[in-house]
Amino acid sequence: MARKIALNIDERLYEKLEKHAHKNGESVQDFLIQAVCDALDMWDDFYDSSDTIELKDPRPKVSFFANS
């Protein structure tokens with residue numbers, strides 16, 4: 001089941017996120033999804049968890065909604 005998370009982001013932070021995302025040819029939503037996925041990968045690498053669930057899709061279907 002897909003879950004949605006609403007983020008309330010400060011205008012200045014949103015502009016920074018948008019600028020960085022566009023440099024990489026991404027939308028803000030894609031940038032946030034990739035950042036969360038990368039953080040989870042680093043978390044798993046750090047703790048070297050043997051009971052980590054392997055996902056078939058490295059970028060699961062996640063949606064973020066930011067107020068601009």
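Residues numbered from 1 in each chain as written. Predicted model: local features only at pLDDT ≥ 70, side-chain atom pairs only at ≥ 80, totals over all residues. Heavy atoms only, no water.

(A) Molecular detail of the overall build of the protein. Broken down by element type, the protein carries two helices and two strands. The N-to-C order of helical and strand elements in the protein reads β-α-α-β. Taken across its 68 residues, the protein has 16% of its residues classed as buried. For the protein, the share of sequence-separated contacts (at least 6 apart) that also reach a separation of at least 24 residues comes to 67%. (Helix = DSSP H or I, 4+ residues; strand = E, 2+ residues; numbered from the N terminus. Buried < 20%, exposed > 50% of the residue type's maximum accessible area, 1.4 Å probe, protein only. Contact = heavy atoms within 4.5 Å.)

(B) View of the nonpolar core. In this structure, I9, Y14, L17, A21, V28, F31 and L32 together form the largest nonpolar core, which totals seven residues. At the level of secondary structure, the elements contributing two or more residues to this core comprise helix 1 (11-23) and helix 2 (28-47). Excluding residues within four positions of it along the chain, F31 makes contact with L17, H20, A21 and E26. (Core = buried A, V, L, I, M, F, W, Y, C linked by side-chain atoms within 4.5 Å.)

From the geometry alone we can't say anything about function, so treat these as descriptive.
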